[in-house]
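Remarks on the overall topology
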Amino acid sequence: MKQILSMRNIVKAFSGVEVLHSVDLTLHEGEVLALVGENGAGKSTLMKILMGIEQPNAGEIQLNGDIVKIENPARALSLGIAMIHQELSPIPEMTVEENMFIGREINRFGFVDSKKQAQKTREWLNKLNIAISPQVKMEELSISQMQMVEIAKAISYNSRILIMDEPTSAITEKEVMQLFTLINLLKKNSVSVIYISHKLHELPHIADRVEIMRDGQIISVSSMSDMSEKNIMHDMVGREISTIYPKCENTIGEPILEVNHFTKEGEFEDVSFTLHSGEKLGIAGLMGAGRTELVSAVFGATHPDSGTVLVEGQPMRFNTTSDAIDHNIALVPEDRKLMGLNLIMNVAENTTMCIDQKVSKSGFINKKEGARQARTMVEKLSIRIQSIQQVVESLSGGNQQKVVLAKWLLTDPKILLFDEPTRGIDVGAKAEIFELINKQVMQGKGALIISSEMQELVGVADRVLVMCEGKVTGVLEGEEITQQEIMRLASPKKEAV
Amino acid sequence: MPQNKQEKEKTKLLNNNHDVPFYRSAQFWKSTGIFWALVVLVIVMAISQPAFLTRPNLINILKQASITGVLAVGMTLVLLTGGIDLGVGSVLAVACMAAAYATTEEQGWSILVAFMLGIGVGAIFGLINGIGIAYVKFAPFIMTMATLSAARGLALVSTNNRPIFNLNEQFIDISNSIYFGLPSLIFYFAGVAILAYILTKKTVFGKWIYAVGGNENAARYSGIHVKRVKLIIYTIMGALSGLTGVLMASRITSGNPTVGEGYELDAIAACVIGGVSLSGGSGSVIGTVIGVLILGVISNGFDILGISSNYQRIMKGLVILFAVFIDIRSRMRKND
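The written sequence of each chain sets the order in which its residues are numbered from 1. Both sets of labels track the order of writing: A upward for chains, 1 upward for ligands. For this predicted model, a pLDDT threshold of at least 70 governs which residues receive local features, and a threshold of 80 or more governs which side-chain atom pairs are given and counted, while totals over whole chains, interfaces and linings are taken from all residues.

1. Digging into the overall build of chain B
Strands are runs of DSSP state E lasting at least two residues, helices are runs of H or I lasting at least four, and both sets are numbered from the N terminus onward. When you go through chain B residue by residue, the secondary structure sums to 14 helices and 2 strands. A residue is called partly exposed when the number of other C-beta atoms within 10 Å of its own lies between 12 and 20, exposed at 12 or fewer, and buried at 20 or more, with C-beta atoms placed from the backbone. Here chain B holds 336 residues, and the buried ones make up 47% of them. Here the contact rule is simple: place C-beta atoms from the backbone, and any two residues whose C-beta atoms are within 7 Å are in contact. Across chain B, contacts joining residues at least 24 apart in sequence account for 79% of those joining residues at least 6 apart.

2. A word on the nonpolar core
By definition, a nonpolar core groups buried Ala, Val, Leu, Ile, Met, Phe, Trp, Tyr and Cys residues that are joined through C-beta atoms within 7 Å. In this structure, A:Leu417, B:Cys96 and B:Ala99 are the most contacted members of the largest nonpolar core, which totals 176 residues. Ranked by residues supplied to this core, first place goes to helix H11 (residues 226-251) of chain B with 15 residues. Once residues within four sequence positions are removed from consideration, B:Ala99 is found in contact with B:Ala114, B:Leu117, B:Gly118, B:Gly245, B:Val246, B:Ala249 and B:Gly255. Counting 61 residues, the second largest nonpolar core, distinct from the first, contains A:Ile10, A:Val32, A:Met47 and A:Ile206.

3. Concerning the packing of helix H3 (residues 55-80) of chain B against helix H12 (residues 263-273) of chain B
All names here are of chain B. It is at 8 Å that the axes of H3 and H12 come closest, and there the two elements cross at 65°. Here H3 is positioned roughly perpendicular relative to H12, judged by the angle of their axes. In terms of crossing hand, the pair formed by H3 and H12 is right-handed. Here Thr68, Leu71, Ala72, Met75, Thr76 and Leu79 of H3 lie close against H12, whose contacting residues are Tyr263, Asp266, Ala267, Ile268, Ala270 and Cys271. By the convention adopted, Pro, Cys, Tyr, Trp, Phe, Met, Ile, Leu, Val and Ala count as nonpolar, Lys, Arg, Asp and Glu as charged, and the other residues, Gly among them, as polar. Considered class by class, the residues forming the contact of H3 with H12 number 9 nonpolar, 2 polar and 1 charged. Between the N-to-C directions of two axes lies an angle of 0 to 180 degrees, each axis being a line fitted to C-alpha atoms and, for a helix, fitted only over the stretch in contact. Between 65 and 115 degrees an angle is taken as roughly perpendicular, under 35 as roughly parallel, over 145 as roughly antiparallel, and anywhere else as oblique. Note: crossing handedness is left-handed where the near helix turns anticlockwise from the far helix by less than a right angle, and right-handed where it turns clockwise.

4. Observations concerning the sheet that holds strand E17 (residues 314-316) of chain A
Residues and elements named next belong to chain A. Ordered by their spatial adjacency, 4 strands build an open sheet running E14-E13-E16-E17, and the pairing between neighbours is antiparallel. Taken across any chain shown, the strands that pair with only one partner, and hence form the sheet edges, are strand E14 (268-276) and E17. In this sheet, neighbouring strand axes are inclined to one another by 20° on average, regardless of whether the strands run parallel or antiparallel. Of the strand pairs in this sheet, strand E13 (residues 255-264) and strand E16 (residues 306-311) are connected by 5 bridges, and their pairing is antiparallel. Paired with Thr263 across the bridge in E16 is Ser306. Its contacts with the sheet put helix H9 (residues 291-298) on E13, E14 and E16, and the angle it makes with E13 is roughly 115°. Two strands are counted as paired when DSSP detects at least two bridges linking them.

5. Comments concerning the interface of chain B and chain A
Residue-level contacts link 24 residues of chain B with 30 residues of chain A. The dominant element in the side of chain B that touches chain A, judged by the number of residues it contributes, is helix H9 (residues 204-214) of chain B, at 6 residues. Across the side of chain B that touches chain A, the residue classes tally to 7 nonpolar, 13 polar and 4 charged.

6. Focus: the domain arrangement of chain A
All names here are of chain A. The split of the chain into domains comes from an automatic or database domain assignment. Domain assignment breaks chain A into domain 1 (3-237) and domain 2 (255-490). Distance between the C-alpha centres of domain 1 and domain 2: 32 Å. Contacts between the two partners involve 15 residues from domain 1, matched on the other side by 15 residues from domain 2. At 3 residues, helix H8 (residues 229-237) tops the list of elements feeding residues into the side of domain 1 that touches domain 2. Looking at the side of domain 1 that touches domain 2 residue by residue, the classes come out as 5 nonpolar, 7 polar and 3 charged.

7. Concerning helix H4 (residues 88-102) of chain B
Helix span, as expected, comes to 1.5 Å for every residue beyond the first. A rise of 1.5 Å per residue sets the reference length of H4(B), with its 15 residues, at 21 Å; its end C-alpha atoms lie 21 Å apart and thus fit the reference within 8%. With respect to burial, H4(B) is a largely interior element, 14 of its 15 residues being buried.

8. Concerning the packing of helix H5 (residues 143-156) of chain A against helix H6 (residues 173-188) of chain A
Residue and element names in this part refer to chain A. Two elements in contact, H5 and H6, have axes separated by 10 Å at closest approach and are oriented at 10°. Taken together, H5 and H6 sit at an angle that is classed as roughly parallel. On the side of H5, the interface is formed by Ser144, Met148 and Ile151, while H6 contributes Glu175, Gln178, Leu179 and Leu182. For the contact of H5 with H6, the per-class residue count stands at 4 nonpolar, 2 polar and 1 charged.

9. Focus: the pairing of strand E18 (residues 329-332) of chain A
Residue and element names in this part refer to chain A. The alternating pattern of E18 places Ile329 and Leu331 on one face and Ala330 and Val332 on the opposite face, and all of these are buried. Pairing of E18 with strand E19 (residues 415-419), which is carried by 4 bridges, proceeds in the parallel orientation. Considered in E19, the bridge of Ile329 is made with Ile415.

10. Describing the pairing of strand E20 (residues 446-450) of chain A
Residue and element names in this part refer to chain A. Of all 5 residues making up E20, 5 are buried, and the element is well covered by its neighbours. By the alternation rule, side chains of E20 split into Gly446, Leu448 and Ile450 and Ala447 and Ile449, which are all buried. Direction of pairing for strand E15 (residues 280-285) relative to E20: parallel, over a ladder of 4 bridges. Considered in E20, the bridge of Leu281 is made with Leu448. As defined by bridge partners, E19 adjoins E20 across 5 bridges and the pair is classed as parallel. Note that in E20 the partner of Phe418 across the bridge is Ile449. Look down the strands so they point away from you; if the path from the first strand over the helix to the second goes clockwise, the crossover is right-handed. In terms of handedness, the path from E19 via helix H16 (residues 427-442) over to E20 forms a crossover that is right-handed.

11. Quick notes on unusual backbone geometry
Despite not being glycine, A:Asp412 has its phi angle at roughly 55°, a positive value. Counting through the fold element by element, A:Asp412 comes out in the loop between helix H15 (397-409) and E19. With 11 C-beta atoms counted inside 10 Å, the residue A:Asp412 sits in the exposed group. The residue B:Asn161 is not glycine, and still its phi comes out positive at about 75°. Inspection of the secondary structure puts B:Asn161 in the loop between helix H6 (140-158) and helix H7 (169-173).

As structure tokens, then:
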């Protein structure tokens with residue numbers, strides 16, 4: 001296979017601190033190279049250099065044998081390098097076709113020629129077997145469909161190298177398979193892909209080679225078939241991780257949270273479940289199954305049309321989230337940046353957000369006590385920070401998530417609702433998060449865990465509630481909890497015509 | 001014992017990781033930069049204009065700055081929650097009319113009534129703004145723009161465009177006296193600024209203001225009553241506009257329905273110069289106070305130089321852009 005890209009001896013330092021130490025990366029035509037490493041290993045920096053967002057302090061980039069200088073993203077694009085970002089940024093109000101042609105509209109005397117744009121868009125989508133109409137607005141598409149449009153857009157720029165940053169972090173397993181089919185099609189058209197993912201179990205399905213980074217260095221580059229998941233993890237973390245899903249000796253006790261016949265039009269319908277003390281109850285389902293909406297309603301952030309909640313046998317009515325918090329319920333939300341943290345505040349301020357009032361002295365902030373409590377949490381959860389005055393924006397995903405956890409653990413909750421607690425964080429931090437959840441349930445607390453990674457639920461949950469299109473389609477227990485069974489229950493039952 | 005020591009070391013490490021004394025750290029210069037800008041400005045003015053550093057002139061600056069200052073402090077609170085209040089100038093005018101009406105020789109009500117009436121009228125407007133923004137979900141810009149228009153109209157309608165004269169002497173003294181060698185207005189400004197400083201930096205409610213402005217969703221999910229916080233803040237802003245109106249009536253010794261036009265922009269400008277972010281969640285009352293003084297010194301300097309107020313407006317625009325430019329630059333450097 002022809003070598004199309006070679007990055008050699010790339011060095012990058014930020015304000016005097018070297019974050020990439022002479023890193024190499026080669027890419028062949030029509031191959032998928034998996035780039036893995038913990039958060040902060042330097043993957044993103046390396047890719048930013050390739051995209052022209054950052055400039056290396058030393059080293060060279062060769063494209064098809066020629067040394068190139070990539071000054072900016074526009075240059076990268078013209079050289080045939082495109083990136084599909086983790087957080088997609090289409091303009092939701094615009095149609096697929098309009099998004100495709102942003103910045104290069106086909107026009108006649110300054111008027112946009114939508115017809116021609118739509119026709120071209122259709123051609124590109126058809127080439128990749130993507131069944132989406134060019135006239136649909138972006139906001140009506142699912143995340144996975146938006147992703148496919150982005151890929152088609154990249155291809156429409158004649159890109160030869162595609163960088164995919166965590167493309168599967170927010171899509172369902174079924175959509176993952178569709179994405180892989182698409183990637184295979186790209187390979188056949190001799191497009192090369194650099195595939196960044198935390199989901200190691202996907203890699204054998206899609207990657208040809210795997211390059212592992214740690215602390216700004218390349219630890220190993222090998223053919224995918226030579227590497228097991230365990231090997232990869234070892235190289236990533238630099239030590240053995242016995243298992244991502246630590247053992248948990250919990251005893252399941254009395255019901256502490258009962259949800260009866262919860263219904264909210266368009267979101268969920270007649271959902272009932274019971275969470276016991278000391279139990280880890282998983283909620284599985286595809287995107288849009290109504291899981292997030294359900295826990296938001298349980299937490300009092302929204303209000304169901306009908307249905308009741310019982311906490312330790314007592315019927316409750318939560319008008320606001322603070323009512324739920326008063327009854328020892330905590331919600332670790334799906335998106336820590338959107339709902340979990342105040343990014344411009346520091347670690348201490350975020351951590352004490354829910355207890356400020358409790359520790360206050362007649363309305364005045366008790367900084368000393370807050371800092372003390374924040375510090376105990378930082379130590380307890382081994383959050384890696386320089387100081388509790390550090391702004392949370394500058395922390396890695398895993399550490400940010402731990403700050404969210406710390407905030408909630410300080411409220412001393414009995415019922416913990418976790419919505420995608422491990423999204424976008426690396427293997428090491430994942431294991432730590434599950435360890436923490438285990439500690440909580442072993443103290444007799446109840447944990448509700450929503451996860452789109454079925455493997456995760458199989459690994460940690462005592463029981464799994466499966467939802468599909470807003471309804472509960474089954475409850476699995478013990479040996480019944482398998483990925484196949486969850487998948488079967490989570491898929492919509494539309495018989496093929 | 002050794003374990004204890006280790007613990008202490010750790011705590012120290014968590015507390016403070018730089019050994020440079022604070023006053024020499026980059027953080028210090030960044031957080032006090034605006035203060036040094038004021039110092040430099042005053043020095044330049046003092047050297048180039050002998051008339052600047054005279055007692056009557058300085059008192060004049062403080063007097064002028066105090067009126068904008070009270071509004072700007074309130075505006076800081078609003079901006080911190082991620083909102084904006086464009087209606088302060090008009091609300092001020094209504095309060096000005098109300099206070100003037102109450103203290104005319106014919107009515108002869110006490111000063112206390114005038115204060116309560118003015119502040120109360122302002123607070124009612126603030127409350128309406130707050131309800132519209134927090135509960136009906138009007139965008140702050142739209143809601144307060146409506147107030148801007150409606151309140152001005154109300155002020156004009158109240159006397160059919162005519163000013164109210166003949167206020168009683170006691171009331172006029174409020175804004176035009178000297179206490180302890182300083183103009184009385186400065187005490188109102190200082191009082192409001194100190195209270196707002198304590199509110200924002202020392203109380204739980206103050207932290208909620210920052211939390212709502214920094215990330216409204218996260219605040220809501222943390223159990224903070226976001227709507228209530230907003231309602232209270234707009235009501236405070238309204239009450240402060242009302243207070244400004246009362247002080248204004250006393251200062252101009254009349255009730256004038258056209259008073260305060262464009263004051264919202266001065267208040268916002270002072271906040272922006274002082275480093276308050278228009279997107280909410282960051283900034284401080286101290287910054288705003290310095291911003292107010294910078295604006296005051298600049299416009300006074302131009303007055304001394306005999307530059308017309310029209311040119312002053314052009315300069316004010318440039319100063320605002322310059323201040324924000326410096327702010328953007330320092331942020332960019334931080335992110336590098």
